[in-house]
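Chain residues, written in single-letter form:
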Amino acid sequence: MTDMIYYYDGSFEGFLCCIFDSYANKEVLTAICCDEDLVPTLFASRSISTDRDHANRVYRKIVKCSPYTADLVQKGFLTCLPDKELYLYRLVVKLLREGPGFLRNFSDETLYPVLRAVRHLNGEAHLLKGFVRFSDLGGVLGGEIEPKNRVLPLLRSHFCARYQGEKFFLYDRTHREALFYANGKAVIQPLEHFQMAPPDEVEAHYRLLWKCFYETIAIKERYNPKCRQTNMPKRYWNTMTEFQDESYFKAQSSPEDAASHGAPAGIPALGIPPESGLSALESRI
């Protein structure tokens, strides 16, 4: 068995292909990195091309051994766990070598880091179901979030069910991707550059009403900032209406102002989601 560093395209299918190639070439992986992180190294390395057939074979094998692990690997890939690919690779290797028996031991050194990361992912997704603030932008609802994990695949079903008759988008500033929904179809697409359009007078008024409501219902005698930060962590405040400064409540001065903001050229209109979306493997979440 040869120690090797693998580079892949950063997709879930590409990661599964790394597992396939490690077995096919009888190589032990010491690191799995994205192509964009490629740096010169003295260690043996290889670039892995993404093959959907290879990815599906690996995924079917994991499901056959343990459907629970398959779900864990999918969600683990969405987490912000450092070196998550290597942790997930070791989890799959142990599953194929020993079977699913070790999964009953939550303190297992291979299972625990992934399990903890997935719990953090699920917890963050749950919080954001209540912390997302949408704005009405000319008949389209738009919102932004700054999560640590890639939570959009987990939030998709919740918001699509909640706003079935609407058109909306939710932009992830951290991972530079957006969830688009219109006419019963949802897709998650990369979106490198984005700036939210300013509100019109009606939307600006509603924003002020929401902030006024938030401040009015507060009970001064029970003011407890530590308790508030426990239930509403401060790192989410940047995208929540009630914590914004005056500029957030300023209406656009002219139609040209709105035209200068929003998605860049080349991004499909919200009413017509593009055909290509998440891979079949990622869309199962």
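If you're wondering where the values come from, they're calculated on a predicted model, not measured in any experiment.

### Remarks on a negative patch on the surface
Step number 1: A surface patch of like charges, here negative, comprises D136, E166, D200 and E201.
Step number 2: Residue position: E166 is located in the loop between helix 6 (152-162) and strand 6 (168-172).
Step number 3: By relative accessible area, E166 is classed as partly exposed at 36%.

### Observations regarding the environment of S49
Step number 1: Along the chain, S49 turns up in the loop between strand 3 (45-47) and helix 2 (52-65).
Step number 2: The exposure class assigned to S49 is exposed, which follows from its relative accessible area of 60%.
Step number 3: Along the chain, S49 and G14 lie 35 residues apart, while their C-alpha atoms are 7.0 Å from each other.

### Structural notes on the pairing of strand 7 (residues 177-182)
Consecutive side chains of a regular strand alternate in pointing toward one face of the sheet and then the other.
Step number 1: Where burial is concerned, most of strand 7 is hidden: six out of the six residues are buried.
Step number 2: Taking every second residue as pointing to the same face, both faces of strand 7 are buried, with E177, L179 and Y181 on one and A178, F180 and A182 on the other.
Step number 3: By the bridge criterion, five bridges tie strand 6 to strand 7 in an arrangement that is antiparallel. If you follow F169 over to strand 7, its bridge partner there is F180.
Step number 4: Between strand 6 and strand 7, which pair antiparallel in sequence order, lie four residues; one of them, R176, sits at a positive phi of approximately 55°.
Step number 5: As defined by bridge partners, strand 7 adjoins strand 8 (residues 185-190) across six bridges and the pair is classed as antiparallel. Paired with Y181 across the bridge in strand 8 is A186.
Step number 6: Between strand 7 and strand 8, which pair antiparallel and follow one another directly, the connecting turn spans two residues, one of which, N183, has a positive phi of 55°.

### Some remarks on the packing of aromatic side chains
Step number 1: All chains considered together, the criterion is met by 17 aromatic pairs.
Step number 2: Ring geometry for F131 against Y236: centres 5.4 Å apart, planes inclined by 50°, an arrangement best described as tilted. Linking F131 in helix 5 (residues 111-131) with Y236 in the loop between helix 8 (225-231) and helix 9 (255-259), this pair joins segments that are 105 residues apart in sequence.
Step number 3: Y236 gets classed as buried once you look at its relative accessible area, which sits at 4%.

How each quantity is defined
Residues numbered from 1 in each chain as written. Predicted model: local features only at pLDDT ≥ 70, side-chain atom pairs only at ≥ 80, totals over all residues. Heavy atoms only, no water. Patch = residues over 30% accessible without salt bridge, like charges linked within 9 Å, V, L, I, M, F, W, Y side chains within 5 Å. Areas by Shrake-Rupley, 256 points an atom, 1.4 Å probe, with all protein chains shown as cover. Salt bridge = Lys/Arg side-chain N within 4 Å of Asp/Glu carboxyl O. Lys, Arg positive; Asp, Glu negative; His and termini not counted. Charge placed at Lys NZ, Arg CZ, Asp CG, Glu CD. Helix = DSSP H or I, 4+ residues; strand = E, 2+ residues; numbered from the N terminus. Buried < 20%, exposed > 50% of the residue type's maximum accessible area, 1.4 Å probe, protein only. Pairing = 2+ DSSP bridges. Phe/Tyr/Trp six-rings, centres within 6.5 Å; stacked < 30°, edge-to-face > 60°.

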